[in-house]
Amino acid sequence: MKRILIHVTGSIACFKSCSLISLLTKEGFEVQATASQGALQFIQRASLEGLTGKPLLTDIFDKSDDPMHHITLSQRWADLIIAYPASANCICRLAAGLSDDLFGAICLANNYNKPLLVAPAMNTQMFNHPAVQEALAKLESWGTHILPTEEGLLACGDEGKGKLLSPEKTLEYIQQILKENSPISQ
């Protein structure tokens, strides 16, 4: 059974993470969710815990059976790590190498030993901002898989790029990347 670590950030699109988690579990994946404090302004902890069957981790100092869960999750547990949705803040923090939060520490501890996927979700102007575009390019140059955004009506009423990739298309990317990174396909 493949294990997916999904990080949910503070984006209005974070409700779609529940659909992705549901699809993943139906496909037989084991899923662990982490969430930013911003995400918890949009989605309830109980939703993510109910869908994964695991306690939601939100802080590097969370009380758990494993005091080094940022290392254990990234180096020994996860087969793939995804930020879904990835807010502009999350993307820029990852590109800066910040690790004062749980997800930043997980990504640094992973050091691209396992695939890292980022699924951007934000207003078109935020998505097109040079800081976000430079951060995405930097992350991609390091080995991050940057998933495409969809175009369409955004939560703010604007139309354009920045819409979160659908859970179904994201599942296809996850399956393909895992297949490409399996020992058999190498």
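Up top is the structure these notes are about.
1. What to know about the overall build of the chain
- A tally of regular secondary structure across the chain gives eight helices and seven strands.
- Against the compact-globule benchmark of 16 Å for 186 residues, the chain has a radius of gyration of 15 Å, which places it among compact chains.
- Seen along its three principal axes, the alpha-carbon backbone of the chain occupies a region of about 45 × 40 × 35 Å.
- Within the chain, the fraction of its 186 residues that count as buried is 50%.

2. Some details on the nonpolar core
- Membership of the largest hydrophobic core comes to 30 residues, with the highest contact counts inside it found for Ile 4, Ile 6, Leu 24, Leu 48, Leu 80, Ile 82 and Ile 174.
- In terms of nonpolar packing, the next biggest core, distinct from the first, is built from 25 residues, Ile 81, Ala 86, Cys 107 and Val 132 among them.

3. Observations concerning the side chain of Asn 123
- Along the chain, the position of Asn 123 falls in the loop between strand S4 (116-120) and helix H6 (124-128).
- Judged by its relative accessible area of 19%, Asn 123 is buried.
- A polar contact is formed between the side chain of Asn 123 and the backbone nitrogen of Gln 125, at a distance of 2.7 Å.
- When neighbours within four sequence positions are excluded, Asn 123 is seen to be in contact with Leu 154, Cys 156, Asp 158 and Lys 161.

4. Observations concerning the sheet that holds strand S3 (residues 80-86)
- Strand order across the open sheet formed by five strands is S2-S1-S3-S4-S5, with parallel pairing between neighbours. Either end of the sheet is taken by a strand with one partner, and the two such strands are strand S2 (30-35) and strand S5 (145-146).
- Bridge analysis of S4 against S5 gives two bridges, and the strand direction is parallel. For Val 118, the partnering residue across the bridge sits in S5 and is Ile 146.

5. Let's talk about helix H5 (residues 102-110)
- A large share of H5 lies buried, amounting to eight of its nine residues.
- The set of residues buried in H5 consists of Leu 102, Phe 103, Gly 104, Ala 105, Ile 106, Cys 107, Ala 109 and Asn 110.
- In the core, the buried residues of H5 are packed alongside strand S1 (3-8), S2, helix H3 (69-77), S3, helix H4 (88-95) and S4.
- Downstream of H5 by one or two residues, Asn 111 has phi in the positive range, about 45°.

6. Quick notes on the environment of Ser 141
- Structurally, the position occupied by Ser 141 is in helix H7 (residues 130-142).
- When the C-alpha atoms of Ser 141 and Glu 180 are compared, they prove to be 18 Å apart, with 39 residues separating the residues in sequence.

About the thresholds
- What you see as residue numbers is a count from 1 along each chain, following the sequence as written.
- Only residues with pLDDT of at least 70 get local features here, since the model is predicted, and only at 80 or more are side-chain atom pairs given and counted; chain-wide, interface and lining totals rely on the full set of residues.
- The side-chain values count all of the structure's non-hydrogen atoms but skip hydrogen atoms and water molecules.
- Think of it this way: any DSSP run of H or I at least four residues long counts as a helix, any run of E at least two long counts as a strand, and we number them from the N terminus.
- With C-alpha atoms as the basis for the radius of gyration, the globule rule is written as 2.2 Å multiplied by the number of residues raised to the power 0.38.
- Buried means the residue's accessible area, taken with a 1.4 Å probe over protein chains only, is under 20% of the maximum for its type, while exposed means over 50%, and partly exposed covers the values in between.
- Definition used in this section: a nonpolar core is a set of buried Ala, Val, Leu, Ile, Met, Phe, Trp, Tyr and Cys residues joined via side-chain atoms within 4.5 Å.
- Under this definition, polar contacts are N or O atom pairs within 3.5 Å; protein pairs additionally need one hydrogen-donor-capable and one acceptor-capable atom, and for neighbouring residues in sequence, both atoms have to be side-chain atoms.
- Note on contacts: a residue pair is in contact if any heavy atoms of the two residues lie within 4.5 Å.
- When DSSP finds at least two bridges between two strands, those strands are taken to pair.

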